[in-house]
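# Fold and geometry: a report
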Amino acid sequence: MARVVVDVMLKPEILDPQGQAIARKLPQMGYEGVVAVRQGKRFEVEVEGPADEAALERVHTIAETLLANPVIENFEIRVL
């Protein structure tokens, strides 16, 4: 069994109000030097067998149809 991680982030041109709110709050909490924060999602998908090309293609299809909204989000896939 293999574990594949799918990281989903808003596209750079999409505003991220949650990230902006966190970035504004950090200096008030004493954390200086943070220029920006972007919020995202992480999914861990366990697949049967090895994380071969077929398994990664299957996870890619799952990511683009269910885990991410391709209009406003990008995603990256990696094997743990």
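Quick note: structure is the one above.
Keep in mind that this is a model prediction, so the values were computed, not measured. (Residues numbered from 1 in each chain as written. Predicted model: local features only at pLDDT ≥ 70, side-chain atom pairs only at ≥ 80, totals over all residues. Heavy atoms only, no water.)

### Some thoughts on the sheet that holds strand β1 (residues 2-10)
Strands sit in the order β2-β1-β3 across an open sheet of three strands; the sheet is antiparallel. One side of each edge strand has no neighbouring strand; the edge strands of this open sheet are β2 (40-47) and β3 (73-79). For this sheet the average axis-to-axis angle between neighbouring strands, irrespective of direction, equals 20°. Bridging between β1 and β3 involves seven bridges; their strand directions are antiparallel. Within the sheet, the bridge partner assigned to D7 lies in β3 and is E76. Set on the sheet, helix α2 (residues 53-67) makes contact with β1, β2 and β3; between it and β3 the angle comes to about 155°. (Pairing = 2+ DSSP bridges. Helix = DSSP H or I, 4+ residues; strand = E, 2+ residues; numbered from the N terminus. Axes fitted to C-alpha atoms, helices over the stretch in contact; angles between N-to-C directions. Contact = heavy atoms within 4.5 Å.)

### Points about the pattern of salt bridges
Going through the model one piece at a time under the given rule, you end up with five salt bridges. As a salt-bridge pair, R78 and D7 come within 3.2 Å of each other at their nearest N and O atoms. With R78 in strand β3 and D7 in strand β1, this pair connects stretches of sequence that are 71 residues apart. Among the residues examined, R78 registers a relative accessible area of 38% and is labelled partly exposed. Members of the salt-bridge network, linked through shared partners, are R3, R42, E44 and E46. (Salt bridge = Lys/Arg side-chain N within 4 Å of Asp/Glu carboxyl O. Buried < 20%, exposed > 50% of the residue type's maximum accessible area, 1.4 Å probe, protein only.)

### Side note on the nonpolar core
In this structure, A2, V4, V6, V8, V45, V47, A55, V59, A63, L67 and A68 together form the largest nonpolar core, which totals 11 residues. If we ignore the near neighbours within four places in the chain, the residues touching A55 are V47 and P50. (Core = buried A, V, L, I, M, F, W, Y, C linked by side-chain atoms within 4.5 Å.)

### A short note on the pairing of β1
Note on strand geometry: in a regular strand, side chains alternate between the two faces of the sheet. One ladder, built from eight bridges, connects β1 with β2; its direction is antiparallel. Bridging across to β2, V8 finds its partner in K41.

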